[in-house]
Structure formats: structure tokens, C-alpha cells
Amino acid sequence: MSDKNVKSSISDSNEPPLTFMQSSLSNCPICKIKADYSISDSKKSKVMCNNCGAEWQMFFTLSKDQLVSLRLEKPDREKRAKDLKGCLKILGFWQFCNVSNYSSSTEKTIRKSLENYGAINFKKIREKAHNDLSDQGDFSLFSALSLVGGAYPRLYNPNFIRPSLALVKEFSDIRVLPDLQRIFKSTVVDEHRLSIIELIVEIVRQNEFIPEVSTFLKTVAQTDKHAPIRSAAVASLIIQNGQSVPEDLVSFIVEVISKEKDIDARATNLLNLQKISSDERVIDCIIASLPNREIPNYKFDLPTSWLDAAKEVIYLFTAPSLGEIAANLLIEIGNRKGIESLLEAIVNSQLDSFFLQRKRIRYMFESYPYSKEYLLNIYETSKDEKRKLNADRLLKIVGEL
Ligand SMILES: [Zn+2]
């Protein structure tokens, strides 16, 4: 709603571009005087500082609701930023870097280091590159980010995307999160967007709860057109929920997951839920997948490393259905309601226990003794032949113990 408002008003007056500039850079990045800018061209795409005379070209997200980056068109009158003339840099660069310390050799070092960064076969070159970049600190970090998010896709150098993201990842600095969100919004290539969102997930994982990111991730989880990106956003929300969040994200997570139509995204989401499985709403969500016989085309490209345990669960199978993945998770989690629902799904023939490995079923009976009593009760009291038969089959497996 608010996005639309901003977008429509941007063409109506020159106020919004100026407002973006004022709110993003409350002090001029060069002369440090309190924001005093004016629009300097008829297209309303350039802005200048009334105090020092520096002029920038502005670049916005595709939806035109946020300023992404600025290219210095004209340095200030005192030429403090002369080396930055013509440089397109992400907003964070102008916010966090002391631009009067910038020199063209800094730019060269950064570019050269990033070019060599991907050369994994040249360990020494790589190490030197890494040291050079570390020495440059914020300049490296935000310059690397600038290379990823050159505001317009045509300005991308795809060769820089991976090393730049790798560098940002090593710094894992939460100051880059707003820039990453804006870059994500101004990028059209799904593959790049996925890399960016995975980096956001990684930074969220390595840091404390970051409330500002939740809103962004919620929107992505609900509305993104690319299923792997939706499930990566869900993964990140699940991680945030584990970080003593003041906000209860579980209701939202469970709702988004229950509405997901893409089978691969559903499988990823399900495995990610293991992380917050102590919540009853999560158990219900997993139970709801038990009757699902669709088989995900799973390639194990899970977005985060903490999923190793979950991966093992599905490695036990060849091409498990969503229901079988859910069954295994419930056995793994061991929540009583979850186990009893699983037994119900089997005796009611919603889930074909033929596909559940005997080893897993035995493990369940050994770990949760109440499951045997539950089945005995069904066997002795049920009037439904099929239920009785299925219960009997499972009890025979118990008998083998
Ligand atoms: Zn200024």
C-alpha cells in the first residue's frame, strides 16, 4: 500500500527523491553539514549539496520506493572527494565511509583484490587479496557491495557478484543489511536474488535478532515469485524466531507454510521447521503434511548449513514423499501428539507405512513406548477392518524387537 503511494507521488513532484536523500543521508557524506540538498536536473534524478557543491546521480529500486545508490557526478568545490568522481557506490558507502580518506588507489586495490578473489587455485593471491581487503575495512566492504548492486542490472559485472558476496559474508556486518535489501529489490535475475537473500539469511544467522529485517523477510516469504527465495526467507524467519525474539513469528511462519503451493519449497520449509519443533503449532503444521503423497524434486541445495541433521532424515529415503518427510521429522522430534497422529495416518492408510523403513518404525517404538499401547488399543477396539489390519501389521514389527 505505502509502496504504491511513494511510487505514484515520485512522478508528481520533486519532493520524494529529495526526501529519500535527506532521510538516507542526514549529513552530507563529504562536507558533513546537516542535509541541505536540492534537485539539480529536470529529470529529477540528480541531487546536489547546497553547501559544498557536490552533485550525485540517484538510482532507485525497481519499484522506485527506495534510493539504492549514488554516483558522484561532480566533486565538492574543495575537491575532497575528487577521487570518487564517476564512482557509483551503494548507499551504505556514502553513509559509513569517510569519503575524504578515499583515493583512487583504494579503488584499484579493491577491484584487483576482488578479481583475484575467485582464483581459488592461487592460494597466495587469494590470501593477499583478502589481506588487502581487510586492511581497507569499510571501504572494501561497501565497495564490494557496490559492485553487486550497481543499481541497474546492465551495470552488473557478473564476475564480481560471487567474490563480492563472499567478501560481504566474511565481514557479516549488520550495517550491510539495509543495502542488501535494497539491492535485492533492484535486481531482476532470480539467481542473483537468491544469492543475495541467502547472504541475508547467513548474516541474520550470525547476528542477534534484527527486527527491521523481519518486515522485509515476511513480504518476501509471502509474495516473491521465485519459490526457492520464498523458502529461504521462511528459513531466515525461523532462525530469527530462535533468537529470543520479542515478536512471535510462529503464527506467521506456519500460515505461510500451509499456503505454499510449490512442492520443493514445502519440503524445504518442513525440514527447516525442525529448528522450532518445540512449538505445538509447528507440530500441527508437520502433521498436516502427513497425507501428502507428492514427491519433491529435492536436490539438497538447502540454504543454510544448520540443516545437516534434517538432511540426514531425508537421506534415509530414496525420493520420499512430503508425507514421508513429515513422518520422519515427527519420529525425530518425538512429540506425543505428533507420534499419535503419525500412527493414525498409518492405520487410516493416509500414509503408506510400507515406505517407512522398518528401522525407523522400530526406533519409534523403542523411543516412545506409549506408541505400542496406542496401537494395541486400536487393534482391540476398532471396528474398522482396515484399521485393525494396519495396526496388526505395525504390532508385528514391534514383536520383532
Ligand atoms: Zn556537502
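Residues numbered from 1 in each chain as written. Predicted model: local features only at pLDDT ≥ 70, side-chain atom pairs only at ≥ 80, totals over all residues.

S.K.: Talk me through the overall build of the chain; I want residue IDs and the actual numbers.
M.R.: Across its full length, the chain holds 20 helices and five strands. Split into buried and exposed, the 401 residues of the chain put 41% on the buried side. Here the contacts in the chain between residues at least 6 apart in sequence split such that 59% fall between residues at least 24 apart. (Helix = DSSP H or I, 4+ residues; strand = E, 2+ residues; numbered from the N terminus. Buried ≥ 20, exposed ≤ 12 C-beta atoms within 10 Å, placed from the backbone. Contact = placed C-beta atoms within 7 Å.)

S.K.: Describe the confidence of the model for the chain, naming the residues involved and giving the relevant values.
M.R.: When pLDDT is averaged along the chain, the result is 83; 85% of the residues meet or exceed 70. Counting interchain partners and residues more than four positions distant, the pLDDT-below-50 stretch residues 1–15 has 13 contacts. Of the regions scoring below 50 in pLDDT, residues 302–307 engages in 12 contacts with residues more than four places distant in sequence or in other chains. (pLDDT = per-residue confidence, 0-100.)

S.K.: If you had to explain the nonpolar core to someone new, which residues and values would you point to?
M.R.: Counting 101 residues, the largest nonpolar core has Ile-197, Ala-233, Leu-270, Ile-286 and Ala-326 as the members making the most contacts within it. No other element matches the eight residues that helix α11 (residues 227–241) contributes to this core. (Core = buried A, V, L, I, M, F, W, Y, C linked by C-beta atoms within 7 Å.)

S.K.: Which residues make up the sheet that holds strand β5 (residues 88–90), and what values go with them?
M.R.: With respect to topology, five strands assemble into an open sheet ordered β1-β2-β3-β4-β5, the strand pairing being antiparallel. Strands at the two margins of the open sheet, each flanked by one partner only, are β1 (37–39) and β5. Going from strand to strand, the sheet's axes swing by 30° on average, the running direction of each strand aside. The pairing of β1 with strand β2 (residues 46–49) spans three bridges and is antiparallel. Across the sheet, the residue bridging to Ile-39 is Val-47, located in β2. The strands touched by helix α6 (residues 138–148) are β4 (67–74) and β5; relative to β5, the strand with the most contacts, the crossing angle is about 110°. (Pairing = 2+ DSSP bridges. Axes fitted to C-alpha atoms, helices over the stretch in contact; angles between N-to-C directions.)

S.K.: Tell me about helix α19 (residues 370–381), residues and numbers included.
M.R.: Taking 1.5 Å of rise per residue, the 12 residues of α19 would be expected to cover 16 Å, and the 17 Å separating its terminal C-alpha atoms lies within 8% of that figure. Every buried residue belonging to α19 is among Ser-371, Leu-375 and Ile-378, and all of these are buried. Seen end-on, α19 carries its buried residues on one side only, within an arc spanning 55°. Turned more than 90 degrees away from the buried face of α19 sit Tyr-370, Glu-373, Asn-377, Glu-380 and Thr-381, all of them exposed. Of the surrounding secondary structure, the elements contacted by the buried residues of α19 are α17 (336–347), α18 (358–367) and α20 (385–399). (Expected span 1.5 Å × (residues − 1). Arc of directions from axis to C-beta.)

S.K.: Break down the environment of Asp-279 for me, with residues and values.
M.R.: Residue placement: Asp-279 occurs in the loop between α13 (263–273) and α14 (280–287). For the pair formed by Asp-279 and Val-250, sequence separation is 29 residues and the distance between their alpha carbons is 8.2 Å.

S.K.: Break down the pairing of β2 for me, with residues and values.
M.R.: Counting the residues that bridge the hairpin from β1 to β2 gives six residues, and of these Lys-44 lies at a positive phi of roughly 60°. In this structure, β2 lies alongside strand β3 (residues 55–60), joined through three bridges in antiparallel fashion. Along β3, the bridge assignment pairs Val-47 with Trp-56. Linking β2 back to β3 in an antiparallel pair, the connection comprises five residues, with Gly-53 at a positive phi of about 90°.

S.K.: Pulling in residues and values, what's your account of the pairing of β3?
M.R.: Note on strand geometry: in a regular strand, side chains alternate between the two faces of the sheet. Judged by how many residues are buried, β3 sits mostly within the fold: five of six residues are covered. The pairing of β3 with β4 spans six bridges and is classified as antiparallel. The residue of β4 that forms the bridge with Phe-60 is Leu-67. Here β3 folds back onto β4, and the loop between the two strands holds six residues, one of which, Lys-64, carries a positive phi near 60°.

S.K.: Outline α14, listing residues and values.
M.R.: Every buried residue of α14 is accounted for by Val-282, Ile-283, Cys-285, Ile-286 and Ile-287. Lining the buried residues of α14 we find α12 (250–259), α13, α16 (322–333) and α17.

S.K.: Outline the environment of Gly-53, supporting the account with residue identities and numerical values.
M.R.: By the secondary structure assignment, Gly-53 is in the loop between β2 and β3. Judged by the 14 C-beta atoms lying within 10 Å of it, Gly-53 is partly exposed. Sequence spacing of Gly-53 and Pro-75 is 22 residues, and the spatial spacing of their C-alpha atoms is 7.3 Å. When near neighbours in sequence (up to four residues on either side) are disregarded, Gly-53 contacts Met-48, Asp-76 and Arg-77.

S.K.: Talk me through the packing of helix α10 (residues 211–223) against α11; I want residue IDs and the actual numbers.
M.R.: Axis separation between α10 and α11 bottoms out at 8 Å; the angle between their running directions is 145°. Two packed elements cross with a definite hand, and for α10 against α11 that hand is left-handed. For the pair α10 and α11, the contacting residues are Ser-214, Leu-217, Lys-218, Val-220 and Ala-221 in the first and Ile-229, Arg-230, Ala-233, Val-234, Ser-236, Leu-237 and Gln-240 in the second. Across the contact of α10 with α11, the residue classes tally to seven nonpolar, three polar and two charged. (Left-handed = near helix turned anticlockwise from the far one by under 90°. Nonpolar A, V, L, I, M, F, W, Y, C, P; charged D, E, K, R; others polar.)

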